[in-house]
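Overview (structure and organization)
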Number of protein chains: 2
Amino acid sequence: MEISNLLSDRVKSLKASAIREIFKMVGKSDIISFAGGIPSPELFPAKELGKIADKILENNGAKALIYGITEGYAPLIEIVEKRNKEKNVGKSFDSTIITTGAQQAIDLVGKAILNEQDGVIVEAPSFIGALNSFRSYNARLFEAEVKEDGIDLNQVENLLKTEKNIKLIYTITTFQNPTGITLSLDKRKKLLELAKKYDCLILEDNPYGELRFNGEEVAAIKSFDTEGRVIYVGSFSKTLSPGIRVGFLTCHKDIMDRVVVVKQVNDVHTPLLNQMMVTEYISNYDFDEHIRKSAVKCGEKCAAMLEGAKKYFPGDVKLTNPDGGIFLWCTMPEGVDTGIIFEKAVENKVAFVPGRTCMADIDKVSNCFRLNYTTVSNEKIDEGMKILGRILQDYV
Amino acid sequence: MEISNLLSDRVKSLKASAIREIFKMVGKSDIISFAGGIPSPELFPAKELGKIADKILENNGAKALIYGITEGYAPLIEIVEKRNKEKNVGKSFDSTIITTGAQQAIDLVGKAILNEQDGVIVEAPSFIGALNSFRSYNARLFEAEVKEDGIDLNQVENLLKTEKNIKLIYTITTFQNPTGITLSLDKRKKLLELAKKYDCLILEDNPYGELRFNGEEVAAIKSFDTEGRVIYVGSFSKTLSPGIRVGFLTCHKDIMDRVVVVKQVNDVHTPLLNQMMVTEYISNYDFDEHIRKSAVKCGEKCAAMLEGAKKYFPGDVKLTNPDGGIFLWCTMPEGVDTGIIFEKAVENKVAFVPGRTCMADIDKVSNCFRLNYTTVSNEKIDEGMKILGRILQDYV
């Protein structure tokens, strides 16, 4: 029996996320990991969530343990809609669904929107989980570079002009994964204009936006949306806990109608207990204060890592300087292969995410890499940056 | 802006599960619902799960709240593999993944296996969640009738002979949804022979098999699998809680390799807390005794409903007589439209699932309907069957 003959073409060549593979590896060893993708775990309110879970199952167990509706737990939808409103997200033509993490939201949108060979414009670099999801629907990925103020709009317009059937522009607007860069207000408005002009949709992914430790909030693209062209994705993974797997999606009702059907066949609904836990936490604790504290912590850690880079990195390694979130992006001189440096670093017990895993073409050599500053202690940041700096010296 | 132009063809015509729509409706009213799909909710160990969740988050919170690996929580995989082994499921060439309910397992298989227009043989009637998932990948569905001892093998072989690109046979082997019928041992072996002969895969879905209240266990098709042709799906939804959304999938490593990548882009991993809760429950409580009690309860309720049918239903309504599980299937005389009866029943505060929602062609009139006997009290069963019996009288 030849199993490969019985597999779908669309997933035959799909590669597992290198980040997830790194994650598996570093989970098992004493490596200093700058490869993670979450805020400081000690900030997750584990004890509070434990009490909440116990209380829910004690008093409301039957409700938490049976099937729920696909759209999500109504009180949580209400909370999300209220929080959205504060950002002017969620228009009269929109509705909101609770998803099993923001990853599922992206994947549902991919399935609801993309025909095989449809085009998606993505940022270069971008989030591998989204890239792989689009790939899994046999979409064609087109890249536009991330500049200091976000995605290059000339490149976007050129692609929209020259390529056929581009359905979607995927952008992580604030403290982007993997660069930490924020798309400027002006560019947000112009990107929406381009989407209008060339009749495509924008998927605005914003899991990090609340973790701001510097500067002023920038309005969401969704806040300027007058016709349902923007699909907005958010998450509780970076504020409450990634393991709890609760995110959300806000978009035009006509798109949502399809997204709900796709979610129904996907996992019926997001676990009710998890939705109720998020609801109870936000209803009974000071969630905004919790986020504020997390953001401050992220800022401290970011400063520690930038300090480490200053002390230990060769001068010609360029780093971004994020105003929030959990990542920064390092660019080595042209021609350097950070895939090789990665192997060297892991041998020396430090891990990061090599740049090419964040690109549409993962086989192309990249001179960049992603650093996460939030999952290890300040001491470990210093220690890891020292080791990494020594290794980088050999490649500049 | 014309949103429909921007949707994927594959989901444009997909209809929401009528069962989920019924579920939404009956959740809001005083209807006696025979439309459910879960065992008696009072049997779910809510209090125990509450204590467990509290303990996990108190002692092991950081671990439960961060990202886990896509394959699942290792101790739970171990438990599943051990339990599988007792059924001779899980061969040397297999591996197991934890999924966000069995629905996700089915959906991942669909995505990993099916190209557009590939064929899937399904039972008539079958589980709407699986049918809709296959539809969402633009698969062509072919039906083979469920007889008293399970799927009609002549019809299966005819389809395999005449239709091109049939990749998958989907069967719910034990206490089938919606009929409650169990595929005979002899037919299980022959079905596998057919899959070999025509080189296709079998998706063996077994969420109800443990809820046996009569007769002897029948070996899984998977237990006869010598080459990885059978993909086996199980669930904790019917034994511990559906809302917790934990199921599993056991299949050949070469198929699993693709399933894992598809899950990774779908929801990264099943919520860790939920996986740990199932693990702790099974490790610290008598899970088999809990299942045995649930099965006894299912048997009592089934008897109550069959008794109600005997008392109140017209003589020419044919009912199945399940040895386990939670459903029975009613067949009215030819030409009767149970869709119309459904509307009448709901007006009279009783709900069931009309037969056509369980068919590949949901627009074709059906003279059948599904009854669930486990979600309401024995008194309500009697009351509901009395009302339903009165309505059915008008249609025979």
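That block above? That's the structure.
Here is a short report on the structure shown in this document. From a predicted model like this one, the values you see are computed outputs, not experimental measurements.

Summed over all chains, the structure comprises 0 disulfides over all chains. Of all cysteine sulfurs, the one in Cys368 of chain B lies closest to Cys358 of chain B, which takes part in no disulfide; the gap is 9.2 Å.

What follows concerns the side chain of Ser223 of chain A. Residue and element names in this part refer to chain A. One can find Ser223 in the loop between strand 7 (201-205) and strand 8 (230-235). From its side chain, Ser223 meets the backbone oxygen of Ala220 in a polar contact 2.6 Å long. If sequence neighbours within four positions are ignored, Ser223 has contacts with Lys87, Asn88 and Lys91.

Glancing now at the relation of the copies chain A and chain B. Aligned on chain B, chain A shows an RMSD of 0.0 Å; the corresponding rotation is 180° and the shift along the axis is 0.0 Å. The transformation relating the two chain copies, once decomposed into turn and shift, fits a two-fold axis. Taking C-alpha positions as the reference, the residue of chain A nearest the rotation axis is Asp54 of chain A, at 2.7 Å. Taken together, the interface assignments show that 100% of the residues at the interface of chain A recur at the interface of chain B, consistent with an identical surface on both copies.

Glancing now at the nonpolar core. Within the largest apolar cluster, 70 residues are counted, with the highest numbers of intra-cluster contacts made by Leu76, Phe236 and Met277 of chain A together with Leu76, Phe236 and Met277 of chain B. Elements supplying a minimum of two residues to this core: helix 3 (46-65), helix 4 (74-86), helix 10 (272-284) and helix 11 (287-312) of chain A together with helix 3 (46-65), helix 4 (74-86), helix 10 (272-284) and helix 11 (287-312) of chain B. Those residues in contact with Leu76 of chain A that sit more than four places away from it in its chain are Ile98, Phe236, Val246, Gln275, Val278 and Thr279 of chain A.

The subject of this paragraph is the pairing of strand 9 (residues 247-252) of chain A. Residue and element names in this part refer to chain A. The buried fraction of strand 9 is high, at 6 of 6 residues. Relative to strand 9, strand 2 (residues 94-99) is paired through 6 bridges, and the arrangement is antiparallel. Residue pairing across strands places Thr99 opposite Gly247, the latter belonging to strand 9. Where strand 8 lies against strand 9, 4 bridges are found, and the strand directions are antiparallel. Residue pairing for strand 9: Tyr232 is matched across the bridge by Thr250.

Attention now goes to the interface of chain A and chain B. Between chain A and chain B, the residue contacts involve 89 residues of the former and 89 residues of the latter. In total, about 7400 Å² of surface goes out of reach between chain A and chain B, with carbon and sulfur atoms giving 59% of it. Per-residue buried area on chain A facing chain B is highest for Leu6, Leu65 and Tyr67 of chain A; these three make up 11% of the total on that side. Linking chain A to chain B there are 6 salt bridges. For Lys111 of chain A, the salt bridge is made with Asp107 of chain B, and the minimal N-O distance between the two is 3.6 Å. At the junction of chain A and chain B, the tally comes to 42 residue pairs in polar contact (both at pLDDT 80 or more). When residues of the side of chain A that touches chain B are traced back to their parent elements, those giving at least two are helix 1 (9-12), helix 2 (18-27), helix 3, helix 5 (101-113), helix 6 (128-136), helix 9 (253-267) and helix 10 of chain A. Tallied by class, residues from the side of chain A that touches chain B come to 37 nonpolar, 28 polar and 24 charged.

Further remarks concern the packing of helix 5 of chain A against helix 9 of chain A. Residues and elements named next belong to chain A. Between helix 5 and helix 9, the shortest axis-to-axis distance is 9 Å and the interhelical angle comes to 115°. Classified by the angle their axes make, helix 5 and helix 9 are roughly perpendicular. Considering the relative orientation of helix 5 and helix 9, their crossing is right-handed. Across the interface between the two elements, Gln104, Leu108, Lys111, Ala112 and Ile113 from helix 5 touch Ile255, Arg258, Val259, Val262, Lys263, Val265, Asn266 and Asp267 from helix 9. A class-by-class count of the residues in the contact of helix 5 with helix 9 yields 7 nonpolar, 2 polar and 4 charged.

Quick look at the sheet that holds strand 3 (residues 119-124) of chain A now. All names here are of chain A. Strand order in this open sheet of 8 strands is 2-9-8-7-6-3-4-5, and the pairing throughout is mixed. Two strands close off the open sheet at either side, each with one partner strand: strand 2 and strand 5 (150-151). Those strands touched by helix 4 are strand 2, strand 8 and strand 9, and its axis lies near 125° from that of strand 2. Sitting on the sheet, helix 9 touches strand 2, strand 7, strand 8 and strand 9, and the angle it makes with strand 2 is about 20°.

Turning our attention to helix 10 of chain A. Over its 13 residues, helix 10 of chain A extends 18 Å from the first C-alpha to the last, a length consistent with the 18 Å expected when each residue adds 1.5 Å. Counting buried residues along helix 10 of chain A, 10 of its 13 residues qualify, which places the element largely inside the surrounding structure. Every buried residue belonging to helix 10 of chain A is among Leu272, Leu273, Asn274, Gln275, Met276, Met277, Val278, Thr279, Tyr281 and Ile282 of chain A, and all of these are buried. Against helix 3, helix 4, strand 2 and helix 11 of chain A together with helix 3 and helix 10 of chain B lie the buried residues of helix 10 of chain A.

Residues and elements named next belong to chain A. All chains considered together, the criterion is met by 18 aromatic pairs over all chains. Look at Phe352 and Phe369: their rings are 4.6 Å apart centre to centre, the planes differ by 40°, and that puts the pair in the tilted class. Taken together, the positions of Phe352 in the loop between strand 12 (350-351) and strand 13 (353-354) and Phe369 in strand 14 (residues 368-372) put the pair 17 residues apart, joining distant regions of the chain. Of the two residues, Phe352 and Phe369, both sit in the buried class.

It is worth spelling out unusual backbone geometry at this point. Here Ala124 of chain A and Pro125 of chain A are connected by a cis peptide whose omega angle stands at 5°. Cis geometry marks the peptide bond from Asn177 of chain A to Pro178 of chain A, where omega comes out at 15°. Tracing the sequence through the fold places Pro178 of chain A in the loop between strand 6 (166-172) and helix 8 (185-197). Unusually for a residue other than glycine, Gln117 of chain A sits at a positive phi of about 75°. Checked against the element boundaries, Gln117 of chain A lands in the loop between helix 5 and strand 3. Note on Gln117 of chain A: relative accessible area 43%, which makes it partly exposed. We note that Val268 of chain B has phi near 65°; this positive angle belongs to a residue other than glycine. Summarising the element assignment, Val268 of chain B is placed in the loop between helix 9 (253-267) and helix 10. Judged by its relative accessible area of 8%, Val268 of chain B is buried.

All names here are of chain B. The interhelical angle for the contact between helix 12 (residues 338-347) and helix 13 (residues 378-393), taken along N-to-C directions, is 135°, at an axis separation of 10 Å. In terms of orientation, helix 12 lies oblique with respect to helix 13. Relative to helix 13, helix 12 is oriented so that their crossing is right-handed. In this structure, helix 12 uses Ile341, Lys344 and Ala345 to contact helix 13, whose residues at the interface are Leu388, Ile391 and Leu392.

Here the focus is the pattern of salt bridges. Opposite charge on two side chains lets them pair, provided their charged atoms get close. Inspection of the entire model under this criterion finds 51 salt bridges over all chains. With a closest N to O distance of 3.4 Å, Glu58 of chain A and Lys51 of chain B form a salt bridge. Here the residue Glu58 of chain A occupies a position in helix 3, and Lys51 of chain B occupies one in helix 3, the pair thus bridging two chains. Given the relative accessible area of 32%, Glu58 of chain A is considered partly exposed.

Rules and cut-offs
Residues numbered from 1 in each chain as written. Chains lettered and ligands numbered in written order. Predicted model: local features only at pLDDT ≥ 70, side-chain atom pairs only at ≥ 80, totals over all residues. Heavy atoms only, no water. Disulfide = S-S within 2.5 Å. Helix = DSSP H or I, 4+ residues; strand = E, 2+ residues; numbered from the N terminus. Polar contact = N/O pair within 3.5 Å; in protein donor to acceptor, adjacent residues only side chain to side chain. Contact = heavy atoms within 4.5 Å. Least-squares fit on C-alpha atoms with pLDDT ≥ 70 in both. Core = buried A, V, L, I, M, F, W, Y, C linked by side-chain atoms within 4.5 Å. Buried < 20%, exposed > 50% of the residue type's maximum accessible area, 1.4 Å probe, protein only. Pairing = 2+ DSSP bridges. Buried area = accessible area lost by both parts, 1.4 Å probe. Salt bridge = Lys/Arg side-chain N within 4 Å of Asp/Glu carboxyl O. Nonpolar A, V, L, I, M, F, W, Y, C, P; charged D, E, K, R; others polar. Axes fitted to C-alpha atoms, helices over the stretch in contact; angles between N-to-C directions. Parallel < 35°, antiparallel > 145°, perpendicular 65-115°, else oblique. Left-handed = near helix turned anticlockwise from the far one by under 90°. Expected span 1.5 Å × (residues − 1). Phe/Tyr/Trp six-rings, centres within 6.5 Å; stacked < 30°, edge-to-face > 60°.

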